[in-house]
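The residues making up each chain are set out below.
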Protein chains: 2
Amino acid sequence: MGEAPSLYDGSSERRAPADQATVRRTNLGLVLRHLRDHGPRSRARIAQETGLNKATVSSLVAELADRRLVTTGEVDRAGSVGRPGLTVHLDGGCVCGIGVELNVDYAAVLVLDLRGEVLFEKRLALDLPALGAERTLDAVAVLVSDAVAAAAATGARPAGLTVAVAGLVRSVDGVVTLAPNIGWHDVAVLDGLHARLGTDFPIRVENDANLSAIAEWAMGSEARTPDLVYLTGEVGVGGGVIVAGRLLRGAGGLSGEVGHTSLGDPDLVCGCGRRGCWETVVGMAALLRAAADPGDPVGDPARDLEARLSEVAARAEDGDARTLAALHQVGASLGTGAAVLINLFNPRVVILGGYFAVLGRFLMDPLMAELEVRVLGPGVAGARVVLSTLGFSAAVRGGAHVALESVFDDPTLVPVPSLEPAGAGAP
Amino acid sequence: MGEAPSLYDGSSERRAPADQATVRRTNLGLVLRHLRDHGPRSRARIAQETGLNKATVSSLVAELADRRLVTTGEVDRAGSVGRPGLTVHLDGGCVCGIGVELNVDYAAVLVLDLRGEVLFEKRLALDLPALGAERTLDAVAVLVSDAVAAAAATGARPAGLTVAVAGLVRSVDGVVTLAPNIGWHDVAVLDGLHARLGTDFPIRVENDANLSAIAEWAMGSEARTPDLVYLTGEVGVGGGVIVAGRLLRGAGGLSGEVGHTSLGDPDLVCGCGRRGCWETVVGMAALLRAAADPGDPVGDPARDLEARLSEVAARAEDGDARTLAALHQVGASLGTGAAVLINLFNPRVVILGGYFAVLGRFLMDPLMAELEVRVLGPGVAGARVVLSTLGFSAAVRGGAHVALESVFDDPTLVPVPSLEPAGAGAP
């Protein structure tokens with residue numbers, strides 16, 4: 001007992017004989033990921049730990065070095081059998097991934113190198129609903145060009161760009177079918193950016209909370225937790241779910257739309273036009289409406305979001321009764337919905353992002369009290385609730401990470417530099 | 001574009017060199033599954049379709065025949081290249097899987113042979129809450145013994161037994177931690193059955209809705225739909241979810257507890273002691289309370305469930321206003337919760353089982369009306385809602401199927417028959 005009932009998982013499907021080039025690409029990626037996930041080590045240790053033979057590892061490392069994805073350095077004396085070898089390091093300063101986020105009142109970009117180091121980061125306050133889709137995409141194109149230029153200055157070429165949008169995304173053609181709070185309907189983000197950028201790297205479009213969940217899984221404080229629910233609170237509320245180490249996408253990439261589940265106040269109209277969506281009681285508007293009168297600067301969308309949230313936090317620290325009551329109410333409503341997610345997904349951890357993370361210390365007590373009451377499994381079904389450490393950059397980090405994954409899937413995407421400007425290619 | 005962002009999925013983990021015996025077992029299972037899923041065919045065709053070489057397939061088929069899992073029959077002329085060969089058929093009359101279900105007011109058993117044919121089926125009306133755990137397990141042991149004897153009469157030995165329980169199950173040690181409607185708390189079902197049965201086949205314990213979802217995935221009308229939500233309505237309401245072709249289990253096997261999400265009437269107390277659980281408005285008690293006065297025979301738990309449901313259906317067919325109003329209300333409440341599941345999981349299909357299937361034709365209109373209003377994705381996010389064709393046997397079928405999967409994972413579990421009673425083994 002103890003293991004999951006086996007489902008077929010395609011194992012009975014036709015197995016195509018793997019061709020040599022595919023095996024080579026897979027093994028190149030295997031070595032590259034191994035170095036990223038476990039740190040620098042000798043060829044001998046890589047061979048021992050991956051099960052590849054030593055000659056193969058040497059050949060793979062040589063090719064990765066040709067592609068400037070690894071370098072070799074000092075002698076590795078750890079865990080080696082026989083003569084110690086030189087340590088192989090992940091290098092990859094020559095390649096980067098770009099993540100962009102489009103949210104209701106801002107656009108952001110972040111560039112990661114292959115080691116996950118931030119090369120560039122920028123954030124613009126933008127009123128997307130007022131700007132409209134075309135002018136927003138113009139602004140995004142400028143933002144991406146800035147990022148590409150900044151990366152180029154460090155010698156890095158983009159492996160890809162992933163655009164996070166707070167809405168329903170049809171990933172197959174990069175169309176945002178519905179982004180209620182932005183006011184978008186069937187906006188062709190992928191085509192619009194291709195036309196503006198004219199770039200040769202692949203562009204993907206994905207739901208923001210899904211990308212944030214991937215970022216948490218890849219580089220957050222709870223990284224590699226196989227069953228993980230991420231909740232982001234901004235103007236809207238989104239969810240991203242990792243199930244057994246994989247992003248839950250659903251049949252059409254429309255999963256995780258927790259903000260529009262009927263867990264809110266049936267008398268309140270949501271940005272999507274429905275009544276009673278959960279967003280109506282836990283979105284940032286709900287908090288600000290309860291915490292401040294109209295005209296209060298914390299409610300002014302033209303002001304920087306983090307500054308406004310700091311002001312709310314400062315009032316709560318000062319013991320302002322209205323602010324504390326509003327936070328208590330949001331925390332309890334957050335608990336009602338989080339309990340549904342825990343009952344359904346049985347995650348090891350629920351990660352609160354966006355404004356939930358910034359104000360989390362005031363939300364946690366009422367939230368946990370609701371979970372105690374509403375989760376069926378004993379001890380809140382073993383779920384912990386934590387605040388994201390990635391702040392508002394989770395979605396752009398996830399986007400950049402996804403763009404880089406293509407390199408780990410196939411390192412031959414990164415060309416071998418050549419003395420002739422054209423004609424560089426794999427040997 | 002178009003494919004899921006790649007998560008690591010353990011590909012960077014240490015790869016142990018597969019030993020010969022493991023490869024052999026895997027390939028035996030591959031051939032066996034191929035025959036089950038695609039029907040009888042020649043060795044040449046199996047080789048062509050699986051990518052295994054012909055000599056290997058011949059050797060694998062010979063071993064499967066030795067273990068009486070396949071037989072060879074007439075000449076296969078379809079799709080073959082060169083000389084047509086004899087057709088290999090899945091046989092497997094010598095082995096079976098047993099599924100048992102424990103629900104609030106009944107216990108059931110079902111035996112499947114390797115081809116998925118039902119060898120034996122039995123159902124007892126049992127008042128589990130009144131009976132208590134020990135006497136229930138006594139009754140289950142008798143039920144299983146009957147099933148084993150009936151299977152033995154056809155020459156089939158059990159490969160395993162899976163017990164479906166309407167409650168939270170800790171699968172690692174087969175303890176039902178909480179079954180609110182049965183009134184169980186920390187009942188050691190696995191140990192209790194081992195002690196009573198003294199059998200040599202493995203026993204598993206699993207949530208009933210999870211096993212029903214597996215049955216739908218394996219043999220229902222929507223079989224092999226990779227993203228599928230199963231909802232069962234009985235005294236309680238349970239959910240089982242297939243995500244990308246795999247059962248969603250969550251971190252501790254406690255996923256899918258949709259019946260106890262806060263989507264019900266906050267004034268109604270649930271069997272679990274909480275208020276406002278979804279079960280309070282869509283469970284069978286909610287329907288019967290609305291449809292019939294106390295004392296009405298349709299509400300008598302001592303009567304056969306299907307007979308009572310037939311009576312409700314007959315009243316609805318006759319246009320009984322109270323019955324129709326009750327069904328309309330349940331259908332609408334079912335829609336509220338189904339909308340949450342569709343917003344979260346984005347399934348291709350939602351399958352209604354248990355009493356929802358029996359009375360589904362009266363529930364569907366109000367249900368769909370709620371989905372239209374409450375699902376964010378256009379066109380109900382592409383989800384269809386269908387009635388299960390497996391009836392109340394879904395959980396026992398899923399249980400028997402899971403028990404049989406061990407044979408497909410490792411056909412060498414089925415011994416080669418020997419002239420000497422002991423000492424039979426693989427060559």
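Residues numbered from 1 in each chain as written. Chains lettered and ligands numbered in written order. Predicted model: local features only at pLDDT ≥ 70, side-chain atom pairs only at ≥ 80, totals over all residues. Heavy atoms only, no water.

**Q** Help me out: how do you make sense of the overall build of chain A in this one?
**A** Counting secondary structure elements, chain A contains 14 helices and 16 strands. Compactness check: chain A gives a C-alpha radius of gyration of 23 Å against a globular reference of 22 Å for 427 residues, within 12% of the reference. Along the longest, intermediate and shortest principal axes, the C-alpha atoms of chain A span 70 × 55 × 45 Å. Residues classed as buried in chain A amount to 58% of the 427 residues present. Contacts in chain A between residues at least 24 apart in sequence constitute 63% of all its contacts with a sequence separation of at least 6. Surface accessibility of chain A: about 16,100 Å² in total, with carbon and sulfur atoms responsible for 53%. Averaged over its 37 positive side-chain charges, chain A has a centre that lies 7 Å from the centre of its 50 negative ones. (Helix = DSSP H or I, 4+ residues; strand = E, 2+ residues; numbered from the N terminus. Rg over C-alpha atoms; globule rule 2.2 N^0.38 Å. Buried < 20%, exposed > 50% of the residue type's maximum accessible area, 1.4 Å probe, protein only. Contact = heavy atoms within 4.5 Å. Areas by Shrake-Rupley, 256 points an atom, 1.4 Å probe, with all protein chains shown as cover. Lys, Arg positive; Asp, Glu negative; His and termini not counted. Charge placed at Lys NZ, Arg CZ, Asp CG, Glu CD.)

**Q** I'm lost on the interface of chain A and chain B in this one. Help?
**A** For interface size, the figure often reported is the accessible area lost on association. Across the contact, 82 residues belong to chain A and 82 residues belong to chain B. Summed over both partners, the interface of chain A with chain B buries about 7,100 Å², with 60% contributed by carbon and sulfur atoms. Here chain A and chain B share zero salt bridges between them. Counting residues per element, the side of chain A that touches chain B draws most heavily on helix α1 (residues 20–38) of chain A, at seven residues. Within the side of chain A that touches chain B, the residues separate by chemical class into 37 nonpolar, 25 polar and 20 charged. (Buried area = accessible area lost by both parts, 1.4 Å probe. Salt bridge = Lys/Arg side-chain N within 4 Å of Asp/Glu carboxyl O. Nonpolar A, V, L, I, M, F, W, Y, C, P; charged D, E, K, R; others polar.)

**Q** I'm lost on the sheet that holds strand β4 (residues 95–102) of chain A in this one. Help?
**A** Pairing between the strands of a sheet is mediated by backbone hydrogen bonds and can be parallel or antiparallel. All names here are of chain A. Pairing in this open sheet of five strands is mixed, and the strands run β6-β5-β4-β7-β11 from one edge to the other. In this open sheet, the two edge strands, each paired with only one partner strand, are β6 (118–125) and β11 (203–207). Across this sheet, the average inter-strand angle for adjacent strands is 15°, counted without regard to direction. Sheet strands touched by helix α5 (residues 133–153): β4, β5 (106–113), β6 and β7 (157–165). Its angle to β4, the strand with the most contacts, is close to 155°. Sheet contacts for helix α14 (residues 394–409): β4, β5, β6, β7 and β11; angle to β4, the most-contacted strand, approximately 145°. (Pairing = 2+ DSSP bridges. Axes fitted to C-alpha atoms, helices over the stretch in contact; angles between N-to-C directions.)

**Q** Where do I start with the domain arrangement of chain A in this structure?
**A** Residues and elements named next belong to chain A. Assigned domains of chain A: these are domain 1 (20–90), domain 2 (95–211 + 395–413) and domain 3 (221–389). The centre of domain 2, based on its C-alpha atoms, is set 25 Å off from the matching centre of domain 3. Taken together, the contact pairs 16 residues of domain 2 with 24 residues of domain 3. Each partner contributes to the roughly 1,500 Å² buried at the junction of domain 2 and domain 3, and carbon and sulfur atoms together form 46% of this total. Broken down residue by residue, the surface that domain 2 buries against domain 3 is led by Asn181, Ala209 and Asn210, which jointly contribute 33%. Counting the contacts that link domain 2 with domain 3 gives two salt bridges. With a closest N to O distance of 4.0 Å, arginine 123 and glutamate 306 form a salt bridge. Our count for the contact surface shared by domain 2 and domain 3 stands at five residue pairs in polar contact (both at pLDDT 80 or more). Among the secondary structure elements, those contributing two or more residues to the side of domain 2 that touches domain 3 are β8 (168–170), β11 and α7 (208–219). In terms of residue class, the side of domain 2 that touches domain 3 is made up of six nonpolar, six polar and four charged. (Domains from an automatic or database assignment. Polar contact = N/O pair within 3.5 Å; in protein donor to acceptor, adjacent residues only side chain to side chain.)

**Q** Quick question: what am I supposed to make of the side chain of Glu234(A) here?
**A** All names here are of chain A. Along the polypeptide, glutamate 234 turns up in the loop between β12 (228–233) and β13 (237–243). Lacking a salt bridge, the buried glutamate 234 has arginine 123 as its closest oppositely charged neighbour, with an N-O distance of 5.9 Å. At 3.0 Å, the side chain of glutamate 234 forms a polar contact with the side chain of threonine 232. Excluding anything up to four places from it in sequence, glutamate 234 contacts Glu101, Asn103, Tyr106, Gly283, Met284, Tyr355 and Phe392.

**Q** I'm lost on the relation of the copies chain A and chain B in this one. Help?
**A** The two chain copies are connected by a rotation around an axis plus a translation along it. Each copy of the sequence occupies a distinct position, and chain A is placed on chain B by a rotation of 180° and an axial shift of 0.0 Å, giving an RMSD of 0.0 Å. Within this description, the copies of the chain are treated as partners about a two-fold rotation axis. Scanning chain A for the C-alpha nearest the rotation axis identifies Leu263(A), at a separation of 3.7 Å. (Least-squares fit on C-alpha atoms with pLDDT ≥ 70 in both.)

**Q** How should the environment of Phe356(B) be read in this particular structure?
**A** Residue and element names in this part refer to chain B. Its place among the elements puts phenylalanine 356 in helix α12 (residues 355–358). In this structure phenylalanine 356 comes out as buried when scored by relative accessible area, which is 0%. Separated by 232 residues in the primary sequence, phenylalanine 356 and leucine 124 have C-alpha atoms spaced 21 Å apart. When residues no more than four places from it in sequence are discounted, the contact partners of phenylalanine 356 are Leu231, Thr232, Gly233, Val237, Val282, Leu334, Leu363 and Leu387.

**Q** How should the pattern of salt bridges be read in this particular structure?
**A** A side chain of one charge can pair with a side chain of the opposite charge when the charged atoms of the two come close. All names here are of chain A. Taken as a whole and judged by the stated rule, the model has 46 salt bridges over all chains. The shortest N-O distance in the salt bridge between aspartate 138 and arginine 196 comes to 2.6 Å. Taken together, the residues span a long stretch of sequence, with aspartate 138 in helix α5 and arginine 196 in helix α6 (residues 189–197) at a distance of 58 residues. What makes aspartate 138 partly exposed here is its relative accessible area of 39%. A relative accessible area of 29% means that arginine 196 is categorised as partly exposed.

**Q** I'm lost on the packing of α5(A) against α6(A) in this one. Help?
**A** Relative orientation and spacing of two packed helices are given, respectively, by the angle between their axes and the distance between those axes. Residue and element names in this part refer to chain A. Here α5 crosses α6 at 55°, and the two axes come no closer than 10 Å. When the axis of α5 is compared with that of α6, the two are oblique. Viewed along their axes, α5 and α6 form a crossing whose handedness is right-handed. Of α6, the residues touching α5 (which contributes Glu134, Leu137, Asp138, Val140, Ala141, Val144 and Ser145) are Val189, Gly192, Leu193, Arg196 and Leu197. When its residues are assigned to classes, the contact of α5 with α6 shows seven nonpolar, two polar and three charged. (Parallel < 35°, antiparallel > 145°, perpendicular 65-115°, else oblique. Left-handed = near helix turned anticlockwise from the far one by under 90°.)

**Q** Explain the side chain of Asp105(A) here, please?
**A** Residue and element names in this part refer to chain A. Along the chain, aspartate 105 falls in the loop between β4 and β5. One buried charged residue, aspartate 105, remains without a salt bridge, the closest side chain of opposite sign being arginine 308 at 4.2 Å. Setting aside residues no more than four positions away along its own chain, aspartate 105 makes contact with Leu124, Ala125, Leu126, Val235, Pro301 and Arg308.

**Q** Explain the packing of aromatic side chains here, please?
**A** For any pair of aromatic rings, the description rests on two quantities: the centre-to-centre distance and the angle between the ring planes. In this structure the tally under the stated criterion is five aromatic pairs over all chains. A centroid spacing of 4.8 Å and a plane angle of 50° characterise the contact between Tyr355(B) and Phe356(B), whose relative ring orientation is tilted. Residue Tyr355(B) shares its accessibility class with Phe356(B), and that shared class is buried. The positively charged end of Arg36(A) is found above the aromatic ring belonging to Phe408(A), 4.1 Å away from the centroid. (Phe/Tyr/Trp six-rings, centres within 6.5 Å; stacked < 30°, edge-to-face > 60°. Lys NZ or Arg CZ within 6 Å of the ring centre and 35° of its normal.)

**Q** How should I be thinking about the pairing of strand β13 (residues 237–243) of chain B in this particular structure?
**A** Along any regular strand, the residues point their side chains to alternate faces of the sheet. Residues and elements named next belong to chain B. When you tally the buried positions in β13, you get seven out of seven residues, the bulk of the element. Relative to β13, strand β12 (residues 228–233) runs antiparallel, the two being bridged by six bridges. Looking across to β13, one finds that tyrosine 230 is bridged to glycine 240. Where β13 lies against strand β14 (residues 246–247), two bridges are found, and the strand directions are antiparallel. Opposite valine 243, over in β14, you have arginine 246 as the bridge partner. Following β13, the chain reverses through two residues before pairing antiparallel with β14; alanine 244 in that reversal takes a positive phi of roughly 50°.

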